[in-house]
Amino acid sequence: MDRLADSARLMLMSDLDDTMVDHQDPQNLSLLKLNSLWESEYRENSILVFSTGRPPIQYQKLRNRIPLLTPDITVLSVGTVILYGDKLVRDEEWIEFLNFNWDREVVLEETKKFLQLKYQPEMNQGPHKVSFYISKEEAEKVINPLLASLSKRGLDVKIIYSAGLTLEVIPKRAGKGEALDYILNKFNLIKKLPINTLVCGDSGNDTELFTVRGVYGVMWYRAEIQNSENFSIYLKSITKEFIFYLLFLKEFIFSLLFLKEFIFFPSYFEGIHFSLHQINK
């Protein structure tokens with residue numbers, strides 16, 4: 001967090017799979033363009049943050065085959081792990097913060113009572129994340145009873161369902177949105193709050209990013225997040241902010257090309273590369 005002497009011109013926090021990384025682009029052309037743009041126009045005075053549901057092992061596997069930049073901050077395992085710099089220094093204060101009313105063993109005990117939940121491989125698990133596979137239809141039957149059972153055991157947790165396949169139990173204090181809020185507060189404490197913050201995502205575990213006040217958001221036109229049952233509620237909680245719906249994944253590069261302008265003059269770009277929706281009070 002000390003790389004920049006002053007507040008960052010921009011802090012960009014982006015999901016990886018199907019957001020920053022287009023798995024339908026085998027040559028990674030869009031990503032390479034983005035990398036070039038970031039290094040030439042933004043790195044000197046801006047902060048790059050990756051925020052992914054991938055655990056550390058899966059994140060490293062992605063890095064081994066995709067030409068990702070090295071971010072200033074890495075948020076992994078659905079906002080339960082925060083790492084800094086190229087040495088991936090773990091935020092120990094965040095770990096302590098997440099321990100409040102969390103007991104992984106109790107989570108394992110209670111989830112075993114729900115036979116619909118299929119425990120994911122150990123490489124996908126974490127100290128503050130218990131992950132399962134389950135269909136959307138079955139998840140709708142499980143989530144509320146599971147929350148109730150964990151609450152009765154004295155835990156404060158949240159359940160995140162994403163991609164129509166994965167269900168994750170994490171501390172209530174965790175999540176991508178909570179991690180972003182924590183990072184912004186840390187910058188604020190050292191009087192380096194970024195001048196602008198832009199978040200990008202497409203799936204259920206990204207929903208929280210759009211609830212953090214004072215940030216701008218980009219999502220894809222067909223993003224899963226738009227179909228979230230609670231997303232309309234989340235939108236109503238955002239005041240004086242803008243959500244950009246991009247028509248195609250590759251258009252992300254255009255959003256960054258015009259980033260400085262659309263942050264300050266968003267209406268100018270309405271109907272050019274993306275549609276702009278202003279959230280009313």
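For the structure, see preceding data.
Residues numbered from 1 in each chain as written. Predicted model: local features only at pLDDT ≥ 70, side-chain atom pairs only at ≥ 80, totals over all residues. Heavy atoms only, no water.

J.: Please give an account of the pairing of strand E1 (residues 10-14) that cites residues and values.
T.: The buried count for E1 comes to five of five residues, which makes it a mostly enclosed element. Sheet topology places E1 next to strand E2 (residues 46-51); five bridges connect them, and they run parallel. When the bridges of E2 are listed, Leu 12 appears paired with Leu 48. Taken together, E1, helix H1 (residues 29-42) and E2 constitute a β-α-β crossover, and its handedness is right-handed. One ladder, built from four bridges, connects E1 with strand E10 (residues 197-201); its direction is parallel. By the bridge assignment, Ser 14 is partnered in E10 with Cys 200. (Buried < 20%, exposed > 50% of the residue type's maximum accessible area, 1.4 Å probe, protein only. Helix = DSSP H or I, 4+ residues; strand = E, 2+ residues; numbered from the N terminus. Pairing = 2+ DSSP bridges. Right-handed = clockwise from strand over helix to strand, strands pointing away.)

J.: Explain the pattern of salt bridges to me, using residue names and the numbers behind them.
T.: In total, this model carries eleven salt bridges according to the counting rule given. Asp 72 is the salt-bridge partner of Arg 3, the closest N and O atoms lying 2.6 Å from each other. Placement of Arg 3 in the segment before E1 and of Asp 72 in the loop between helix H2 (56-65) and strand E3 (73-76) is noted, with a sequence separation of 69 residues between them. Its relative accessible area of 38% is what places Arg 3 among the partly exposed residues. One salt bridge in this structure joins Arg 153 and Glu 109, with 3.1 Å as the shortest N-O distance. Within this pair, whereas Arg 153 is found in the loop between helix H5 (136-152) and strand E8 (157-162), its partner Glu 109 is found in helix H4 (residues 104-111), the two being separated by 44 residues in sequence. Look at Glu 109 and you get partly exposed, because its relative accessible area is 42%. (Salt bridge = Lys/Arg side-chain N within 4 Å of Asp/Glu carboxyl O.)

J.: So what's going on with the pairing of strand E7 (residues 130-133)? Which residues, and what values?
T.: Pairing between strand E6 (residues 118-119) and E7: two bridges, direction antiparallel. Residue pairing in the sheet places Tyr 119 in a bridge with Phe 132 of E7. Here E7 pairs with strand E9 (residues 166-171) via four bridges, running antiparallel. By the bridge assignment for E9, Phe 132 is matched with Leu 167.

J.: So what about the packing of aromatic side chains? Which residues, and what values?
T.: The final tally for this structure, using the stated rule, is five aromatic pairs. When the centroid spacing of 5.4 Å and the interplanar angle of 15 degrees are considered together, the rings of Trp 38 and Tyr 42 count as stacked. Highlighted residues: Trp 38 and Tyr 42, both in helix H1, separated by four residues, approximately one helical turn. Taking relative accessible area as the criterion, Trp 38 reaches 2% and is therefore assigned buried. Between Trp 94 and Phe 97, the aromatic rings sit 5.5 Å apart at their centres with planes inclined by 25 degrees, giving stacked as the arrangement. Placement of the pair is Trp 94 and Phe 97 together in helix H3 (residues 92-98), with a separation of three residues, close to one helical turn. For Trp 94, a relative accessible area of 0% corresponds to the buried category. (Phe/Tyr/Trp six-rings, centres within 6.5 Å; stacked < 30°, edge-to-face > 60°.)

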